[in-house]
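# Structural characterization, general
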Amino acid sequence: MTISRIAAILSMTLSLTVAANVAFAQGDAAAGEKLFKKKCASCHFFDSSGKKRVGPNLYGVVGRQAGTSPHFPYSNDLKEAGFAWNPQRLDMFLTKPKAMFKRTRMTFVGLRKPSDRADVIAYLSTAK
Ligand code: HEC
């Protein structure tokens, strides 16, 4: 492969990444908060208390290593994920949790609408 071909692929990847980030940045955090209360809050706290419900506390989850909220009994799939959550990965997980992690303990069907996922991710990104 020539250098210019590699450069072309790299710049394409970069612009795709930028485009994806722009799409997520357009999520509406206020709408996401409402959705979170309706669809996620029964299982997840989102505050700095560190308290958990059936699911781990999600405060600061964006940028956090997957499966590492203290004292939460994660599935092996989450424990062994080996990555930090970013908007792209959250989008994939929230689309259909079991498609990303077959044995996840998160018994939630997923958010079908891309804009709903963008809104919730925008809300999750508001943690200080
Ligand atoms: C029925 C309960 C339940 C609902 C509803 C639910 N979750 Fe979860 N969630 C869990 C459980 C349990 C886990 C731990 C999964 C595991 O260990 O496999 C989890 C894990 C997660 C994780 C990974 C956290 C980490 O520390 O790695 C994210 C992100 C997440 N949930 C987001 C959401 C969002 C956003 C919603 C709403 C759209 C939601 N969840 C709805 C139970 C739930």
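Just above sits the structure.
So, a few notes on the structure that sits alongside this text. Quantities reported herein were computed from a predicted structural model and do not represent experimental measurements. (Residues numbered from 1 in each chain as written. Predicted model: local features only at pLDDT ≥ 70, side-chain atom pairs only at ≥ 80, totals over all residues. Heavy atoms only, no water.)

What follows concerns the overall build of the protein. The helix and strand tally for the protein stands at six helices and zero strands. Going from N to C terminus, the protein has its helices and strands arranged as α-α-α-α-α-α. Every one of the 128 residues in the protein was classed for burial, and the buried ones make up 38%. Contacts in the protein between residues far apart in sequence, at least 24 positions, make up 40% of those at least 6 positions apart. Approximately 8,200 Å² of the protein is accessible, and the part contributed by carbon and sulfur atoms is 60%. (Helix = DSSP H or I, 4+ residues; strand = E, 2+ residues; numbered from the N terminus. Buried < 20%, exposed > 50% of the residue type's maximum accessible area, 1.4 Å probe, protein only. Contact = heavy atoms within 4.5 Å. Areas by Shrake-Rupley, 256 points an atom, 1.4 Å probe, with all protein chains shown as cover.)

A few words on helix 2 (residues 29-39). Three or more residues of helix 2 are buried, namely Gly-32, Leu-35 and Phe-36. Along the axis of helix 2, the buried residues cluster in a sector spanning 105 degrees; they form a single face. More than 90 degrees from the buried face of helix 2, the exposed residues found are Lys-34, Lys-37 and Lys-38. Contacts made by the buried residues of helix 2 are with helix 6 (114-124). Two to three positions downstream of the cap, the backbone nitrogen of Ala-30 sits 2.9 Å from a side-chain oxygen, assigning the N-cap of helix 2 to Asp-28. (Arc of directions from axis to C-beta. Polar contact = N/O pair within 3.5 Å; in protein donor to acceptor, adjacent residues only side chain to side chain.)

All right, on to the side chain of Arg-117 then. Here Arg-117 is to be found in helix 6. Here the side chain of Arg-117 touches Arg-112 through a polar contact of 3.1 Å, landing on its backbone oxygen.

Let us look at the site of the ligand. Near the ligand you find 26 residues, and of these Cys-40, Cys-43, His-44, Ser-75 and Met-106 are the closest. Here a nitrogen atom of the ligand and a side-chain polar atom of His-44 are 2.7 Å apart. When residues of the shell around the ligand are assigned to their parent elements, the largest contribution, three residues, is made by helix 4 (residues 87-95). Considering only residue class, the shell around the ligand consists of 17 nonpolar, six polar and three charged. (Near = heavy atom within 4 Å. Nonpolar A, V, L, I, M, F, W, Y, C, P; charged D, E, K, R; others polar.)

Using the criterion set out here, one finds three salt bridges in the structure. The partner of Lys-37 in a salt bridge is Glu-33, with the nearest N and O atoms 3.1 Å apart. Here Lys-37 and its partner Glu-33 are both found in helix 2, four residues apart, which amounts to about one turn of the helix. (Salt bridge = Lys/Arg side-chain N within 4 Å of Asp/Glu carboxyl O.)

Since there are 3.6 residues in each turn of an α-helix, residues three or four apart along the chain are aligned in direction. Buried within helix 4 are the following residues: Pro-87, Leu-90, Asp-91, Phe-93 and Leu-94. Summarising the axial view, the buried residues of helix 4 lie within an arc of 170 degrees, below the 170-degree limit, and thus occupy one face.

Okay, the packing of helix 2 against helix 6 next. The interhelical angle for the contact between helix 2 and helix 6, taken along N-to-C directions, is 95 degrees, at an axis separation of 7 Å. With respect to each other, helix 2 and helix 6 are oriented roughly perpendicular. For the pair helix 2 and helix 6, contact is made by Ala-29, Ala-31, Gly-32, Glu-33, Leu-35 and Phe-36 and by Asp-116, Asp-119, Val-120, Ala-122, Tyr-123 and Leu-124, respectively. The residue inventory of the contact of helix 2 with helix 6, partitioned by class, reads eight nonpolar, one polar and three charged. (Axes fitted to C-alpha atoms, helices over the stretch in contact; angles between N-to-C directions. Parallel < 35°, antiparallel > 145°, perpendicular 65-115°, else oblique.)

The next thing to look at is the packing of aromatic side chains. The geometry of two aromatic rings is summed up by the distance between their centres and the angle between their planes. Counting across every chain of the model gives nine aromatic pairs. Here the aromatic rings of Phe-72 and Tyr-74 are separated by 4.8 Å at their centres, their planes lie at 70 degrees, and the arrangement is edge-to-face. Taking relative accessible area as the criterion, Tyr-74 reaches 12% and is therefore assigned buried. An aromatic cluster is present here, built from Phe-36, Phe-46, Tyr-59 and Tyr-123 joined pairwise through their rings. Over the aromatic face of Phe-45 sits the side chain of Arg-53, whose NZ or CZ is 3.8 Å from the ring centroid. Above the face of the Phe-83 ring, Arg-89 is positioned so that its terminal group lies 4.5 Å from the ring centre. (Phe/Tyr/Trp six-rings, centres within 6.5 Å; stacked < 30°, edge-to-face > 60°. Lys NZ or Arg CZ within 6 Å of the ring centre and 35° of its normal.)

Purely spatial values, then, with no claim about function.
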